[in-house]
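Examining the three-dimensional arrangement
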Amino acid sequence: AVVTSSTDDVTALGLFGADSLGGEAYAESGVLAGSAVNTLLPQVSMLRSCARLLVVDAALAAHEGRAEDAIASFESAMAAGVHAGEFGLLICRLVESRIKSLVIESIGAAVARHPRAFDDAQLARLERLVRGQRVDFVVGFEGEWKMMRDLVQRCYSDDGGGDGVLLPRAHGQLMRELSSWSSVGGDL
């Protein structure tokens, strides 16, 4: 038996044909289940740390006159930046941008400190690496927009006619889930 707590929930039953936003199954999954908001991104911070280590390795290689090893480490760090930005959220694109900035700054420092470590062909290769970098923030903003739209749809019943209603249980569950993020013992 489906138990509803308000007129809004009855409206949701009419729209969706089932209490898909309430009851036991809902309590287990929550509003954020399956949404990008609930996606953990631990790889982003690990990729940033990895890029830092690669940049240090590249600087050491440049100091020791191992230009090819330095370039390989710079290229790997740049690839870590690209990988960090692959998930279409703004934070991922910002981390990608910071990693690429770190690599570009480190290339400049390595060339300035050890100009004789690199021959002309290697300098040209580094220049191509630096000039070829772009970060598409539009994708990040679009991803954020889609994520927020998905989130709103989880708490608001609308059949496309603009006459939808806020679902109290879904909104309450969302607020509980979001508040757990800011608490000391939060789930995320």
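In what follows, the structure referred to is the one given above.
Residues numbered from 1 in each chain as written. Predicted model: local features only at pLDDT ≥ 70, side-chain atom pairs only at ≥ 80, totals over all residues. Heavy atoms only, no water.

1. Re the packing of helix α5 (residues 90–113) against helix α6 (residues 120–131)
Inclusion rule: Note on method: axes are straight lines fitted to C-alpha atoms, helices fitted across the in-contact stretch only, with angles between N-to-C directions ranging 0 to 180 degrees. Under the scheme used here, helices are H or I runs from DSSP no shorter than 4 residues and strands are E runs no shorter than 2 residues, and both carry numbers assigned from the N terminus. An angle counts as roughly parallel when it lies under 35 degrees, as roughly antiparallel when it exceeds 145, as roughly perpendicular when it falls between 65 and 115, and as oblique in every other case. The crossing is said to be left-handed when, going from far helix to near helix, the turn is anticlockwise and less than a right angle, and right-handed when the turn is clockwise. Contact definition: two residues touch when any of their heavy atoms are within 4.5 Å.
Running from N to C, α5 and α6 cross one another at 160 degrees; their axes reach a closest spacing of 10 Å. The angle between α5 and α6 falls in the class roughly antiparallel. Viewed along their axes, α5 and α6 form a crossing whose handedness is left-handed. Across from Ile104, Ile107 and Val111 in α5, the residues of α6 making contact are Leu123, Leu126, Leu129 and Val130.

2. Re α5
This is how the line gets drawn: In this analysis, the expected span of each helix is defined as 1.5 Å times one less than the number of residues it contains. When a residue's accessible area, from a 1.4 Å probe over protein chains only, is under 20% of the maximum for its type it is buried; when over 50% it is exposed; and in between it is partly exposed.
Between its first and last C-alpha atoms α5 spans 34 Å; for 24 residues at 1.5 Å apiece the expected length is 34 Å, and the two agree. For α5, the set of buried residues is Leu90, Cys92, Arg93, Val95, Glu96, Ile99, Lys100, Leu102, Val103, Ser106, Ile107 and Ala110.

3. Points about the pattern of salt bridges
Side chains carrying opposite charge are able to pair once their charged atoms draw close together. Our working rule: Salt bridge criterion: a side-chain nitrogen from Lys or Arg within 4 Å of a carboxyl oxygen from Asp or Glu.
One pass over the full model with this rule turns up 7 salt bridges. Put simply, Glu64 and Arg66 hold a salt bridge, and the shortest N to O gap is 2.8 Å. Among the salt bridges present, the one from Asp69 reaches Arg66, with a minimum N-O distance of 2.7 Å. Residues joined in a network through salt bridges with shared partners are Glu64, Arg66 and Asp69.

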